[in-house]
Amino acid sequence: MNGDMSGGAGLHHVGDGGMTRRAGLQPGHAYMRYHPKWYRRRMSVWWWLQKGSYAQFVLRELTSVAVAFFAFIFLWQVWALGQGPQAYAHVVARLGTPLAVVLSVVGFVLVLYHTVTWFNLAPAAMVVRVSGRRVPGWMVAAANYAAWVLLSAVVAWFFLGANQ
Amino acid sequence: MASTITLAVTRYRPEEEAEPTVETYTVPFRKDWVVLDALNHIKDHQDGTLSYRWSCRMGVCGSCGMMVNGSPKLTCAAFLSDYAPGPVRVEPLQFFPIVRDLIVDIGEFLHKLKKVKPWIVRAEEQPLSEGEYLQTPDEVDAYKAFSMCINCMLCYSACPIVGLESHFTGPAAIALAQRYNLDSRDQGASGRVEILSDHEGMWGCTFVGDCSRVCPKNVDPAAAIQQYKLTTAVDTLKSWLLPRGSR
């Protein structure tokens, strides 16, 4: 691209691939015949609030912080497990404080949102063919949900059932 | 039913004003009129200086895309009755530089489109004596949906990444690249991957998904891009893990 995409005050020249169409126009300059003066709107920093779907997208991306939070907690637990029963009991006690419980509940809601939105998008990205025919989108999403429920059950059994 | 409806139309006359302004027009409100009919009425009867693009009036040429009440629409398919009682806000496609009134500069888009080689690439053409390149119905189905694109650019106007990153190749161009990648007659996929595997290409897409929601031809560019990402990632993994012969 040959054009200058960074001009001032919202007035820009735009590259057209091959030709450089520089008319030397700056804001306030006189109109020049045969040299169109493009107007490019600047994008507001609040663009993501202008549309529900944009806000949902940004929220989906931000909830990945909660996913990282739980991954960190999990690594912390595994590390403590390796250090012995005393260290693990210490971690469990820390996770039982009111602040940790509130963080976990909020984080869990955010992770739920993250999971559900991604699973609903999965059929668009995955083209699954069984004996030449494309599997319908809802079945791809359903398979993701089924795997989620199954793995959650295994984890729940491991943490809750194994203690008894 | 009201007999008239008001349109608030963006005007930009670069020889007169530094930035766009809004002008309102009142036009007859008819059930069978689309926004484009209203614009034509304004141009014929009220203000001949109003500039906009249009051609076929039936959702095929892809020229009349504009923002109608904030959403990218083909104005030949946007019925006034869906926006009653008005006023109907008509703006040029967002994220494109405005040349005049409702006309945007599409030079950047055409450059991006050409970059992805949206045509059948052959290493060697089959001689005429061997006849045409035949395809089974399944081979056609593999790319047919993506071939319905009319280059109307509504998807570019729906995509915030296009607005934030002006170098992003964008939905339609990547979907068309994928359309040719999936075509059994094409052999240009490896060349396109080199062009589209950088940050300005498919990885620039963050899957907002609005491109597919506004597409008047149900092309689903968002799906095309995600499928392209998945194929590329799987191919890269294979190239690391498998011996050369079995890839």
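Given the structure is predicted, the values throughout are model-derived calculations rather than measurements.

Enquirer: What should I look at first to understand the overall build of chain B in this one?
Expert: Counting its secondary structure elements, chain B contains nine helices and seven strands. For chain B, the C-alpha atoms occupy an extent of roughly 70 × 40 × 30 Å along the three principal directions. Expressed as a percentage of its 247 residues, the buried residues of chain B come to 45%. In chain B, of all internal contacts separated by at least 6 residues, the share reaching a separation of at least 24 is 66%.

Enquirer: In this structure, what is going on with the overall build of chain A? I would like to understand it.
Expert: When you go through chain A residue by residue, the secondary structure sums to five helices and two strands. Along its sequence from the N terminus, chain A presents helices and strands in the succession α-α-α-α-β-β-α. The long-range share in chain A, meaning contacts at least 24 apart out of those at least 6 apart in sequence, stands at 39%.

Enquirer: What should I look at first to understand the interface of chain B and chain A in this one?
Expert: Think of interface size as the accessible area that goes away when the parts come together; that is how it is often given. Facing 30 residues of chain B, the contacting portion of chain A comprises 27 residues. Looking at the side of chain B that touches chain A, the elements with two or more residues in it are strand S6 (98-100), helix H2 (107-115), helix H5 (160-164), helix H8 (210-214) and helix H9 (221-241) of chain B. A per-element tally of the side of chain B that touches chain A places H9 of chain B first, with five residues. Broken down by class, the residue content of the side of chain B that touches chain A amounts to 14 nonpolar, nine polar and seven charged.

Enquirer: Looking at this structure, how should I read the sheet that holds strand S4 (residues 71-74) of chain B?
Expert: Strands pair in a sheet through their backbones, by hydrogen bonds, and they do so in one of two ways: parallel or antiparallel. Residues and elements named next belong to chain B. Pairing in this open sheet of five strands is mixed, and the strands run S2-S1-S5-S3-S4 from one edge to the other. Whereas interior strands pair on both sides, the edge strands pair on one side only; in this sheet they are strand S2 (21-28) and S4. Geometrically, the sheet is characterised by an average inter-axis angle of 35° between neighbouring strands, direction not taken into account.

Enquirer: It is not clear to me how the domain arrangement of chain B should be interpreted in this structure. Could you clarify?
Expert: Residues and elements named next belong to chain B. What the domain assignment lists for chain B is domain 1 (4-104) and domain 2 (107-246). Centre-to-centre, using C-alpha coordinates, domain 1 lies 31 Å away from domain 2. The partner domain 2 presents twelve residues to the 13 residues of domain 1 that form the contact. No other element matches S4, which puts three residues into the side of domain 1 that touches domain 2. Of the residues assigned to the side of domain 1 that touches domain 2, the class counts are eight nonpolar, five polar and no charged.

Enquirer: What is the right way to look at the pairing of S4 of chain B in this model?
Expert: If a strand is regular, its side chains alternate between the two faces of the sheet. Residues and elements named next belong to chain B. By the bridge criterion, four bridges tie strand S3 (residues 65-68) to S4 in an arrangement that is antiparallel. Across the sheet, residue Gly65 finds its bridge partner in S4, namely Leu74. The loop that links S3 with its antiparallel partner S4 comprises two residues; one of these, Asn69, has a positive phi angle of about 50°.

Enquirer: Honestly, the environment of Phe70 of chain A in this entry has me stumped. Any pointers?
Expert: All names here are of chain A. When you line up the elements, Phe70 lands in helix H2 (residues 64-83). For Phe70, a count of 14 C-beta atoms within 10 Å gives the class partly exposed. Sequence-wise, Phe70 and Gln83 are 13 residues apart; in three dimensions their C-alpha atoms are separated by 20 Å.

Enquirer: Quick question: what am I supposed to make of the nonpolar core here?
Expert: If you look at soluble globular proteins, the nonpolar side chains tend to sit buried side by side. Residue and element names in this part refer to chain B. Ranked by internal contacts, the top residues of the largest apolar core, which has 72 residues, are Val35, Met153, Cys155, Ile174, Ala175 and Leu176. Counting contributing residues, this core receives three or more from each of domain 1 (4-104) and domain 2 (107-246). Beyond its immediate chain neighbours, meaning those up to four positions away, Ile174 contacts Val116, Thr169, Leu196, Gly201, Met202, Pro221, Ala224, Ile225 and Tyr228.

Enquirer: Mind showing me how you'd approach the pairing of S3 of chain B here?
Expert: Residue and element names in this part refer to chain B. Going residue by residue along S3, you find Gly65 and Met67 tucked away on one face and Met66 and Val68 tucked away on the opposite face as well. Relative to strand S5 (residues 88-91), S3 runs antiparallel, the two sharing two bridges. In the sheet register, Met67 faces S5, and the bridge partner there is Glu91.

Enquirer: Where do I start with helix H1 (residues 35-46) of chain B in this structure?
Expert: An α-helix turns once per 3.6 residues; consequently, residues spaced three or four apart project the same way. All names here are of chain B. Taking 1.5 Å per residue as the helical rise, H1 with its twelve residues ought to reach 16 Å, and the 15 Å between its terminal C-alpha atoms agrees with that figure. All of the buried residues along H1 are Val35, Leu36, Ala38, Leu39 and Ile42. One side of H1 holds all its buried residues, which, seen down the axis, span an arc of 160°. Turned more than 90 degrees off the buried face of H1, the exposed positions are Asp44 and His45. Against strand S1 (4-11), S2, S3 and S5 lie the buried residues of H1.

Enquirer: Before we go on, may I ask you to explain the environment of Val140 of chain A in this structure?
Expert: Residues and elements named next belong to chain A. Residue placement: Val140 occurs in helix H5 (residues 137-160). Judged by the 18 C-beta atoms lying within 10 Å of it, Val140 falls in the partly exposed class. Residues Val140 and Ala122, 18 residues apart in the sequence, show an inter-C-alpha distance of 7.2 Å.

Enquirer: How should I be thinking about the confidence of the model for chain A in this particular structure?
Expert: Detailed reading of predicted coordinates is not advised where the pLDDT is low. With 76% of its residues at a pLDDT of at least 70, chain A reaches an overall mean of 80. Scored below 50 in pLDDT, residues 1-26 of chain A makes 44 contacts in the model with residues more than four places away or belonging to other chains.

So, how was this worked out
Residues numbered from 1 in each chain as written. Chains lettered and ligands numbered in written order. Predicted model: local features only at pLDDT ≥ 70, side-chain atom pairs only at ≥ 80, totals over all residues. Helix = DSSP H or I, 4+ residues; strand = E, 2+ residues; numbered from the N terminus. Buried ≥ 20, exposed ≤ 12 C-beta atoms within 10 Å, placed from the backbone. Contact = placed C-beta atoms within 7 Å. Nonpolar A, V, L, I, M, F, W, Y, C, P; charged D, E, K, R; others polar. Pairing = 2+ DSSP bridges. Axes fitted to C-alpha atoms, helices over the stretch in contact; angles between N-to-C directions. Domains from an automatic or database assignment. Core = buried A, V, L, I, M, F, W, Y, C linked by C-beta atoms within 7 Å. Expected span 1.5 Å × (residues − 1). Arc of directions from axis to C-beta. pLDDT = per-residue confidence, 0-100.

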